[in-house]
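# Tertiary structure, described
Listed below are the residues making up each chain.
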Amino acid sequence: ARADIGVTGLAVMGRNLARNFARNGHVTALHNRTQSRVDELVAQFGAEGDFVASTDLASFVASLKRPRRVMIMVKAGKATDAVIDELVPLLEEGDIVIDGGNAHFDDTRRREQALRAEGLHFVGTGVSGGEEGALNGPSIMPGGSKESYEALGPILESIAVDVDGTPCCTYVGPDGAGHFVKMVHNGIEYADMQLIAEAYDLLRQGLGKTPAELAEVFRTWNEGDLESFLIEITATVLDKVDAETGKALVDVIVDAAEQKGTGRWTVQTALELGVPTTGIAEAVFARSLSGSVDQRKAVQAAGTLVGPSGASLTGAEAEGFVEAVRDALYASKVVAYAQGFDMIQAGSDQYGWDVDKGAMATIWRGGCIIRAQFLNRIKEAYDKDAALASLLLDDYFASAVSNAQDSWRRVVATAVRLGVPVPGFSSALAYYDGLRRERLGAALVQGQRDLFGAHTYGRVDKEGTYHTLWSGDGSEERQDTAGQ
Ligand code: 2AM
């Protein structure tokens, strides 16, 4: 046995990861249900490194050094379970099974537990960066036992992308932690993209700018605090001219956004954990609304749902609007990330993972879709205070959102006036105001709940739980045992 690591499942992600391992000097065993994929890889890329091709799972496993490191890169769901079931009888105590697919963290928790009972390590790992990242350096988010990371970490770190001398790969936490963090990463990606799309839509409608002019705006923004892969590709997409029609490509693309489901998982999980990740939720729902094509067509055809009369900005209204939108975008983005990191903390608390949030910001700086300079700021914030109650409380982020707030309100108010939907901008602002407000309307909600359901309430002026005898004499009773 001479292979350092094996990859089973050689569709594009698996193939590119296998090539990445081999290119970095690791002897890489190859297996795929359909043999042709193994043969093609060796024929096309065999010269890139040292590959060990196998025709069946048993010889694949036998070709691996111990502890064996087997990476599964098949379709998430049933296929992963099927491959695990086939693998387990062939493995020995201490071997490591890695799932690099986009698994739900609940599945990863279940699989980790099952394999642990067999004396095997199961590492569910997030791999971000798509095909390109898999080949040239992804961001890698491995979960599982600490012990397994000792044997696996160096290999993964060697293929991860490097930013300022630090690999974008680190141990995340036990069982489902890696896939959980990857899920939240994808949710944040949804929120970030939605906010950029709102900025684009609003500037286009409000100022009548062409896609090419807006590409220039985003290019300028990419030189400041907003510098990121997503802003960069926004400019590239807006600049693209359709060869067939001569129009901007963005104007011939159907405006119905699709989703593979990780954003939905993030929101479902956020609801269960009770974390207000409103930015991600609005982004997922905005995609759903865009995809409600029949309903949108029916509304258009009926023509009964009217909008405001003034559709664009003139004179003083237009002045400084581009910069105001930039500020609103940045502030909303900070909120979306703050919420995402709150969610990581909530998951970590719920499942006892002890995730290092600053380390997550660090490994997202390269390889993945949300890679950005900005993540350094998050890392610095958690370096200063690992127990920060909200990212918004860090000095840098507090002044970023506070300095933006006038622009933010102007932009949201303008969008409302123009009839341009900005659910991301406006919900982020509502979250900001909700968090900083001394007294919330929730006091009234508690009063209502006590009236119709005797759900009780606390008082601001003394300890205890109280109930008003609403349908009795209107007096108040203390309900908790300490008061009796
Ligand atoms: P295939 O080439 O034999 O189809 C993406 O679909 C990858 O997952 C492919 O490598 C595919 O193998 C593999 N895959 C899908 N379902 C599988 C299963 N049930 N067992 C093993 N491999 C599977």
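Before reading on, note that the structure itself is shown above.
Residues numbered from 1 in each chain as written. Predicted model: local features only at pLDDT ≥ 70, side-chain atom pairs only at ≥ 80, totals over all residues. Heavy atoms only, no water.

### Digging into the pattern of salt bridges
The final tally for this structure, using the stated rule, is 29 salt bridges. With a shortest N-O distance of 2.7 Å, D95 and R68 are connected by a salt bridge. With D95 in the loop between α4 (78-87) and β5 (96-99) and R68 in the loop between α3 (57-62) and β4 (69-72), the pair connects residues that are 27 residues apart, well separated along the chain. By the burial criterion, D95 is buried, and R68 matches it. With its nearest N and O atoms 2.9 Å apart, the salt bridge here joins D81 to R111. Here D81, found in helix α4, pairs with R111, found in helix α5 (residues 105-117); they are 30 residues apart in sequence, far enough to count as distant. We classify D81 as partly exposed; its relative accessible area is 22%. (Salt bridge = Lys/Arg side-chain N within 4 Å of Asp/Glu carboxyl O. Helix = DSSP H or I, 4+ residues; strand = E, 2+ residues; numbered from the N terminus. Buried < 20%, exposed > 50% of the residue type's maximum accessible area, 1.4 Å probe, protein only.)

### A word on helix α18 (residues 423-436)
The end-to-end C-alpha distance of α18, which contains 14 residues, comes to 20 Å, matching closely the 20 Å that a straight helix rising 1.5 Å per residue would cover. Every buried residue of α18 is accounted for by G424, F425, S427, A428, L429, Y431, Y432 and D433. As for α18, its buried residues are in contact with α8 (177-207), α12 (278-291), α14 (321-351) and α17 (395-418). (Expected span 1.5 Å × (residues − 1). Contact = heavy atoms within 4.5 Å.)

### Section: the side chain of S63
Within the fold, S63 resides in the loop between α3 and β4. Excluding residues that lie within four positions of it along the chain, S63 makes contacts with A1, R2, A3, A29 and V52.

### Some words on the site of the ligand
Near the ligand, the surroundings consist of G9, L10, A11, N32, R33, T34, R37, V74, K75, A79 and V83. Separating an oxygen atom of the ligand from a side-chain N or O atom of R33 is a distance of 3.0 Å. R37 places a side-chain nitrogen or oxygen 2.6 Å from an oxygen atom of the ligand. Here the ligand loses 77% of its free accessible area of 480 Å² to cover by the protein chains. A class-by-class count of the residues in the shell around the ligand yields 5 nonpolar, 3 polar and 3 charged. (Near = heavy atom within 4 Å. Polar contact = N/O pair within 3.5 Å; in protein donor to acceptor, adjacent residues only side chain to side chain. Areas by Shrake-Rupley, 256 points an atom, 1.4 Å probe, with all protein chains shown as cover. Nonpolar A, V, L, I, M, F, W, Y, C, P; charged D, E, K, R; others polar.)

### Quick word on the side chain of T80
Of note, T80 is situated in helix α4. A distance of 3.0 Å separates a polar side-chain atom of T80 from the backbone oxygen of K75. In this structure, T80 is in contact with V74, K75, D99 and R111, ignoring residues within four places of it in sequence.

### Some thoughts on the pairing of β5
Judged by which residues are buried, β5 turns out to be covered on both faces: I96 and I98 on one side and V97 and D99 on the other are all buried. With 4 bridges connecting them, β4 and β5 associate as parallel partners. From the neighbouring strand, I72 faces β5, where its bridge partner is D99. Relative to strand β6 (residues 121-128), β5 runs parallel, the two sharing 4 bridges. What sits directly across from V97, in β6, is F122. (Pairing = 2+ DSSP bridges.)

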